[in-house]
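Structure at a glance
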Amino acid sequence: VQLQASGGGLVQAGGSLRLSCVASGGTFSRLGMGWFRQAPGQNRELIAAISRNGGMTYYSDPVKGRFTISRDGAKKTVYLQMSSLKPEDTAVYSCAADPTVILTTPPSQHQYRYWGPGTLVTVSS
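Residues numbered from 1 in each chain as written. Predicted model: local features only at pLDDT ≥ 70, side-chain atom pairs only at ≥ 80, totals over all residues. Heavy atoms only, no water.

Within the secondary structure, Asp89 sits in the loop between β8 (77-82) and β9 (91-98). Not counting chain neighbours up to four residues away, the residues in contact with Asp89 comprise Arg37, Arg66, Phe67, Ser84, Val121 and Val123. (Helix = DSSP H or I, 4+ residues; strand = E, 2+ residues; numbered from the N terminus. Contact = heavy atoms within 4.5 Å.)

Moving on to unusual backbone geometry. A positive phi is found at Lys76, a non-glycine position, where the angle reads about 50 degrees. With respect to the helices and strands, the residue Lys76 is situated in the loop between β7 (67-72) and β8. Here the phi dihedral of Ser84 falls at roughly 50 degrees; this positive angle occurs in a residue that is not glycine. Counting through the fold element by element, Ser84 comes out in the loop between β8 and β9.

Before going further, it helps to examine the sheet that holds strand β1 (residues 2-6). Overall, antiparallel pairing links the four strands, which are arranged β1-β3-β8-β7 in an open sheet. The sheet is open, and its two edges are formed by β1 and β7, each paired on a single side. Neighbouring strand axes in the sheet, compared pairwise and without regard to direction, differ in orientation by 15 degrees on average. As judged from the six bridges shared by strand β3 (residues 17-24) and β8, these two strands associate in the antiparallel manner. The partner of Cys21 across the bridge, within β8, is Val78. (Pairing = 2+ DSSP bridges. Axes fitted to C-alpha atoms, helices over the stretch in contact; angles between N-to-C directions.)

Here it is in structure tokens:
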């Protein structure tokens with residue numbers, strides 16, 4: 001499975017961005033998907049995840065109510081709609097996938113087998 005994220009850029013605080021992650025080389029409907037981010041000098045953290053059929057989602061506390069994860073099976077794409085962005089949201093955002101991830105508990109990054117290169121999001125104050 002190959003993943004390619006896009007949509008990052010520079011945005012002012014309070015603005016919005018939508019990230020996309022296209023999956024190829026696998027059966028998209030069998031993949032649980034997640035969005036992670038890593039800010040400079042910090043560990044990578046999970047911020048949102050979605051189940052294989054899209055019926056379950058998870059959000060970390062810092063983004064809950066501001067970010068929305070969704071998926072489109074026809075386009076083999078998972079999205080991260082980010083609103084009310086803050087300077088502390090500045091990070092490299094990466095998507096990840098794994099067929100075994102379920103969302104009965106918040107998944108860890110170690111549960112995701114497939115990773116794509118990140119896309120940089122910079123939020124200016």
